[in-house]
Amino acid sequence: MISQGARPGLLRPGVTHVERRAPVMQRNVIGLPPKGTTILKLSNVSKNFGAVSALSDIELEVKAGEVVALVGDNGAGKSTLIKVLAGVHRPSSGRIEFCGQEVSLDSPSRALELGIATVFQDLALCENLDVVANLFLGHEISPWNLDEVAMEVRAWTLLRELAARIPSVREPIASLSGGQRQTVAIARSLLLDPKIIMLDEPTAALGVAQTAEVLNLIERVRERGLGVIIISHNMEDVRAVADRIVVLRLGKNNGVFSPDASSHELVAAITGATENAVSRRIGRKSGEQAATGGSHA
Amino acid sequence: MSTDMSPNSKPTSLALDRSDERVSHADGIGGTIRAFISRVRSGDLGMLPVAIGLIVISTVFSILNPIFLAPNNLVNLLFDCATVGIISLGIVCVLILGEIDLSVGSMSGLASAIIGVLWVNFGISLPLAIGAALVTGAAVGALYAMLYNRLGMPSFVATLAGLLALLGMQLYILGPTGSINLPYASPLVRFGQILVMPDWLSYLLALVPGAVLIAAGLVIRKRRQAVNLSSQPLSSLVVKAAVLTLVLEAAVYYLNMGRGVPWMFGLFVALVVILNYALTKTQWGRSMFAVGGNREAARRSGINVRRIYMSAFMLCSTLAALGGTLSAARLASSSQQAGTGDVNLNAIAAAVIGGTSLFGGRGSAYSALLGIIVIQAISNGLTLLNLSSSLRYMITGAVLAIAVIVDSLARRSRVSHGRA
Ligand SMILES: Nc1ncnc2c1ncn2[C@@H]1O[C@H](COP(=O)(O)OP(=O)(O)OP(=O)(O)O)[C@@H](O)[C@H]1O
Ligand SMILES: [Mg+2]
């Protein structure tokens with residue numbers, strides 16, 4: 001439970017102080033929940049960095065077998081929300097339920113243990129270690145006598161699944177390109193059989209084939225009944241895979257859309273105005289095209 | 001979707017890790033040598049500085065004074081290596097994290113004082129006295145880690161304060177006499193001054209590394225081939241093991257022309273081997289390098305970063321205490337001078353010369369072994385030349401500076417070659 005520095009007014013009425021002192025400490029023993037049941041539920045989650053309130057009263061729900069896209073402008077608080085769920089930041093207040101139980105995500109290892117895997121925007125890889133070491137970091141096979149062969153085989157299998165173009169898994173991460181690193185980070189998130197996986201702009205640096213593979217992968221993962229949260233600025237990708245689009249604006253919820261909502265609606269929710277730079281630009285473009293007689297695809 | 005391969009599909013005839021045509025692979029002995037050269041070019045120097053250093057040092061000193069290469073002088077050299085080398089081994093642990101412990105010299109002095117006072121003055125049994133010294137070391141390390149983890153105190157500052165505080169404690173418990181002589185006939189002093197392995201045992205032990213290299217190499221080869229991964233060519237494995245065995249047997253033969261291989265040096269090498277295993281083959285070691293490379297990434301992978309810092313600082317101080325115990329044995333005394341002077345810097349310099357980076361995330365247990373041989377060879381050679389300690393300090397200082405410069409340049413080269 002998230003109670004650090006909580007203002008009582010922000011806690012839900014049902015939350016008693018007794019519950020607050022007894023966080024759920026049970027291990028990750030339950031298998032995947034059936035599709036359609038709620039895996040993750042956030043209510044009134046807020047996060048302040050000093051005077052900046054990066055998140056205020058966020059509500060979010062993710063079901064098993066569902067892809068939720070999180071969109072918003074730069075600085076909207078998407079990454080902060082992901083980091084709260086990954087146990088990197090502790091929320092200032094609010095309530096997080098995982099598989100129906102209130103949990104306190106007070107460290108990254110706690111989140112991983114519950115089955116919350118994350119691909120961070122900054123990837124969080126160790127540049128001095130090789131690909132295999134990064135993939136298995138913190139979860140090595142046979143900790144007292146590392147099984148490098150088994151780890152290497154598993155690494156190649158995972159990377160092939162992602163159509164990765166990685167020349168050698170025994171080179172340090174420092175020698176990989178941005179997209180290759182991103183692939184490694186994505187592969188790592190799949191390694192621990194998570195229940196929910198969160199991808200913070202996973203395709204930002206990827207090539208055409210790799211982006212398609214990641215989108216395919218998201219669909220496969222959804223089929224398996226995992227919950228997925230994906231952050232992306234690419235509306236096309238978002239619409240292609242998302243079941244629901246959640247818009248954040250200035251750290252607050254700003255509407256939930258279905259993937260077939262019009263682009264105009266989405267942009268309006270993201271930027272907070274119907275009249276904005278994007279709509280003006282689109283208007284101008286189509287105006288020009290009409291003038292030159294071209295047709296818009 | 002370029003390579004449409006499902007995870008379980010049979011890989012092509014190419015080994016799993018050889019399917020990218022852009023990577024050149026080192027096959028055969030020639031390939032191994034070429035790979036080594038390109039590694040060095042990219043700033044991954046490995047043992048090269050040590051090898052060059054040792055050749056230069058032994059040539060210069062043996063020209064100036066032929067005694068330098070005499071078997072018994074080398075045996076003495078190994079006795080001296082063991083004490084500071086063990087301290088340096090602890091330094092390797094904290095350097096891998098990108099931290100430093102400047103108080104290892106004082107810690108070793110304090111440990112030697114504890115042994116002297118408890119064992120000689122209070123008549124407590126030797127194992128208990130040594131135990132007390134080691135526990136003190138562990139406690140000091142735990143304190144540094146706590147200051148770092150809880151208060152965010154940089155290890156540089158905490159251990160600098162520790163340097164003074166521990167020295168003060170050493171002077172305090174030694175009291176006004178300032179020096180305690182340890183009994184010459186005691187096992188501890190004999191261990192530190194006299195005891196050497198029987199010849200047959202030293203020859204036998206010198207076979208072990210090569211044998212292990214071959215055995216482990218063959219096992220790994222078989223396992224890798226079984227899962228269709230490329231494996232080291234048999235020829236280079238055999239050549240490596242043969243060269244290693246030959247060099248070791250020759251060294252042992254030469255030392256046995258003198259007094260033989262000191263047991264104390266054997267203990268040091270055993271500790272190096274254990275730490276090397278821990279750093280390269282266990283989850284703890286992997287976590288050490290991860291924390292040293294990118295602390296936040298390590299934390300996000302679920303590593304308990306605080307516990308890693310705790311283990312490294314405790315190990316470092318405990319090894320410093322053990323080194324202090326052995327140097328008391330070596331000198332047959334606990335004195336106010338123990339652990340002062342150049343002990344600190346020699347221990348740090350040895351680790352850096354051996355190839356452990358001051359910037360964190362890179363290093364190996366062997367760097368303590370190789371580095372300390374270089375450092376002690378210089379110090380031993382200068383002593384043979386009867387140089388004053390003023391000159392010796394200046395020269396050791398210059399060697400440390402060169403080692404750090406090499407480290408920085410190598411790091412710069414690694415960054416530009418994508419091997420940071
Ligand atoms: N560690 C931090 N300390 C202080 N402020 C922070 C920190 N992390 C994020 N913020 C602030 O929180 C706000 C939200 O940042 P966040 O990284 O979540 O944005 P984002 O939605 O992911 O944006 P982008 O699309 O650019 O990735 C920003 O105003 C940022 O300045
Ligand atoms: Mg972000």
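Thresholds applied
Residues numbered from 1 in each chain as written. Chains lettered and ligands numbered in written order. Predicted model: local features only at pLDDT ≥ 70, side-chain atom pairs only at ≥ 80, totals over all residues. Heavy atoms only, no water. Helix = DSSP H or I, 4+ residues; strand = E, 2+ residues; numbered from the N terminus. Buried < 20%, exposed > 50% of the residue type's maximum accessible area, 1.4 Å probe, protein only. Contact = heavy atoms within 4.5 Å. Areas by Shrake-Rupley, 256 points an atom, 1.4 Å probe, with all protein chains shown as cover. Donors = N, O, S within 2.8 Å, 3.2 Å for Na, K, Ca; no water. Expected span 1.5 Å × (residues − 1). Pairing = 2+ DSSP bridges. Axes fitted to C-alpha atoms, helices over the stretch in contact; angles between N-to-C directions. Near = heavy atom within 4 Å. Polar contact = N/O pair within 3.5 Å; in protein donor to acceptor, adjacent residues only side chain to side chain. Nonpolar A, V, L, I, M, F, W, Y, C, P; charged D, E, K, R; others polar. Buried area = accessible area lost by both parts, 1.4 Å probe. Salt bridge = Lys/Arg side-chain N within 4 Å of Asp/Glu carboxyl O. Parallel < 35°, antiparallel > 145°, perpendicular 65-115°, else oblique. Left-handed = near helix turned anticlockwise from the far one by under 90°. Core = buried A, V, L, I, M, F, W, Y, C linked by side-chain atoms within 4.5 Å.

1. So, the overall build of chain A
Part 1 of the argument: A count of helices and strands for chain A gives 10 helices and 10 strands.
Part 2 of the argument: Expressed as a percentage of its 297 residues, the buried residues of chain A come to 56%.
Part 3 of the argument: Across chain A, contacts joining residues at least 24 apart in sequence account for 65% of those joining residues at least 6 apart.
Part 4 of the argument: Approximately 12,500 Å² of chain A is accessible, and the part contributed by carbon and sulfur atoms is 53%.

2. Some remarks on the overall build of chain B
Part 1 of the argument: From N to C terminus, chain B includes 16 helices and 2 strands.
Part 2 of the argument: The C-alpha extent of chain B, read off along each of the three principal axes, is 80 × 55 × 40 Å.
Part 3 of the argument: Taken over 420 residues, chain B has a buried fraction of 47%.
Part 4 of the argument: Within chain B, counting contacts between residues at least 6 apart in sequence, those at least 24 apart form 79% of the total.

3. A word on the coordination of the magnesium ion (ligand 2)
Residue and element names in this part refer to chain A.
Part 1 of the argument: Donor atoms from the polypeptide that coordinate the magnesium ion (ligand 2) comprise S79 (OG) and Q121 (OE1), at 1.9 to 2.1 Å from the metal. One end of the pair, S79, is in helix α2 (residues 78–85); the other, Q121, is in the loop between β6 (116–119) and α4 (131–136), and 42 residues separate them in sequence.
Part 2 of the argument: Relative accessible area serves as the criterion here: at 18%, S79 is assigned to the buried category.

4. Some points on helix α10 (residues 263–281) of chain B
Three- or four-residue spacings in an α-helix give side chains the same orientation, since the helix completes a turn every 3.6 residues.
Residue and element names in this part refer to chain B.
Part 1 of the argument: Helix length check: α10, at 19 residues, gives a terminal C-alpha distance of 26 Å against a target of 27 Å (1.5 Å per residue), a fit within 8%.
Part 2 of the argument: Among the residues making up α10, those that are buried are M264, F265, G266, F268, L271, V272, L275, N276, A278 and L279.
Part 3 of the argument: Along its buried surface, α10 packs onto α3 (71–96), α7 (187–193), α11 (283–293), α13 (305–331) and α15 (366–384).

5. Some points on the sheet that holds strand β3 (residues 67–71) of chain A
Residue and element names in this part refer to chain A.
Part 1 of the argument: A sheet is described by the order of its strands in space; here 6 strands give the open sequence β6-β7-β8-β3-β9-β10, paired in mixed fashion. The open sheet has two edge strands, β6 and β10 (252–257), and neither has a second partner. If you compare each strand with its neighbour and ignore which way they point, the axes differ by 20° on average.
Part 2 of the argument: Examined bridge by bridge, strand β9 (residues 244–249) and β10 share 4 bridges and lie antiparallel to one another. For R249, the partnering residue across the bridge sits in β10 and is K252.
Part 3 of the argument: Packed on one face of the sheet, α2 meets β3, β6, β7 (196–200), β8 (227–231) and β9 and runs near 150° to β8.

6. Some remarks on the site of ligand 1
Residue and element names in this part refer to chain A.
Part 1 of the argument: Every one of the 13 residues lining ligand 1 counts as a neighbour, but G75, G77, K78, S79 and T80 are closest to it.
Part 2 of the argument: For ligand 1, an oxygen atom lies 2.8 Å from a polar atom in the backbone of G75.
Part 3 of the argument: Interatomic distance of 3.1 Å between a backbone N/O atom of A76 and an oxygen atom of ligand 1.
Part 4 of the argument: Notes on ligand 1: free accessible area 640 Å², of which the protein chains cover 63%.
Part 5 of the argument: Per-element tally for the shell around ligand 1: the top contributor is α2, with 3 residues.
Part 6 of the argument: Split into classes, the residues belonging to the shell around ligand 1 amount to 3 nonpolar, 7 polar and 3 charged.

7. Concerning the interface of chain B and chain A
Part 1 of the argument: Opposite the 38 residues of chain B that make contact, chain A presents 46 residues.
Part 2 of the argument: A combined buried area of about 3,800 Å² lies between chain B and chain A, and 55% of that area is made up of carbon and sulfur atoms.
Part 3 of the argument: Interface area lost by chain B to chain A is led by Q283, R286 and R300 of chain B, which between them contribute 21%.
Part 4 of the argument: The interface formed by chain B and chain A contains 4 salt bridges.
Part 5 of the argument: Remark: the boundary between chain B and chain A carries 15 residue pairs in polar contact (both at pLDDT 80 or more).

8. Concerning unusual backbone geometry
Residues and elements named next belong to chain A.
Part 1 of the argument: Backbone geometry places D193, a non-glycine residue, at a positive phi of 50°.
Part 2 of the argument: Here D193 lies in the loop between α6 (178–190) and β7.
Part 3 of the argument: Note on D193: relative accessible area 58%, which makes it exposed.

9. Some thoughts on the packing of α15 of chain B against helix α16 (residues 389–416) of chain B
All names here are of chain B.
Part 1 of the argument: Packing of α15 against α16 brings their axes to within 11 Å, and their N-to-C directions diverge by 155°. Viewed along their axes, α15 and α16 adopt a mutual orientation that is roughly antiparallel. The chirality of how α15 crosses α16 is right-handed. Judged by residue contacts, I378, S379, L382 and T383 of α15 engage R392, I395 and V399 from α16.
Part 2 of the argument: Tallied by class, residues from the contact of α15 with α16 come to 4 nonpolar, 2 polar and 1 charged.

10. Focus: the pairing of β3 of chain A
All names here are of chain A.
Part 1 of the argument: Counting buried positions along β3 yields 5 of 5 residues, so the element is predominantly enclosed.
Part 2 of the argument: Neither face of β3 is left uncovered, since the one carrying V67, A69 and V71 and the one carrying V68 and L70 both have all their residues buried.
Part 3 of the argument: Alignment of β3 against β9, held across 4 bridges, turns out to be parallel. When the bridges of β9 are listed, V71 appears paired with V247.

11. Topic: the side chain of T325 of chain B
Residue and element names in this part refer to chain B.
Part 1 of the argument: Note on placement: T325 falls in helix α13.
Part 2 of the argument: Since its relative accessible area comes to 1%, T325 is described here as buried.
Part 3 of the argument: For T325, the side chain forms a polar contact with the main-chain oxygen of A321, separated by 2.8 Å.
Part 4 of the argument: With residues up to four places along the chain from it excluded, the contact list for T325 reads A111, I115, I130, A133 and L188.

12. Examining the nonpolar core
Part 1 of the argument: L40, I96 and I229 of chain A are the most contacted members of the largest nonpolar core, which totals 135 residues.
Part 2 of the argument: The element that contributes the greatest number of residues to this core is α3 of chain B, accounting for 17 residues.
Part 3 of the argument: Among all residues touching L40 of chain A, those that are not within four sequence positions of it are L60, E61, V62, L85, I96, E97, F98, I196 and I229 of chain A.
Part 4 of the argument: L123, L125 and A185 of chain A together with L229 of chain B belong to the second-largest nonpolar core, a separate cluster that totals 53 residues.

13. Some thoughts on α13 of chain B
All names here are of chain B.
Part 1 of the argument: Between its terminal C-alpha atoms α13 stretches 39 Å, which fits the 39 Å expected from 27 residues at 1.5 Å a residue.
Part 2 of the argument: Most of α13 sits out of view: 19 of its 27 residues are buried.
Part 3 of the argument: A332 lies just past α13 and shows a positive phi near 55°.

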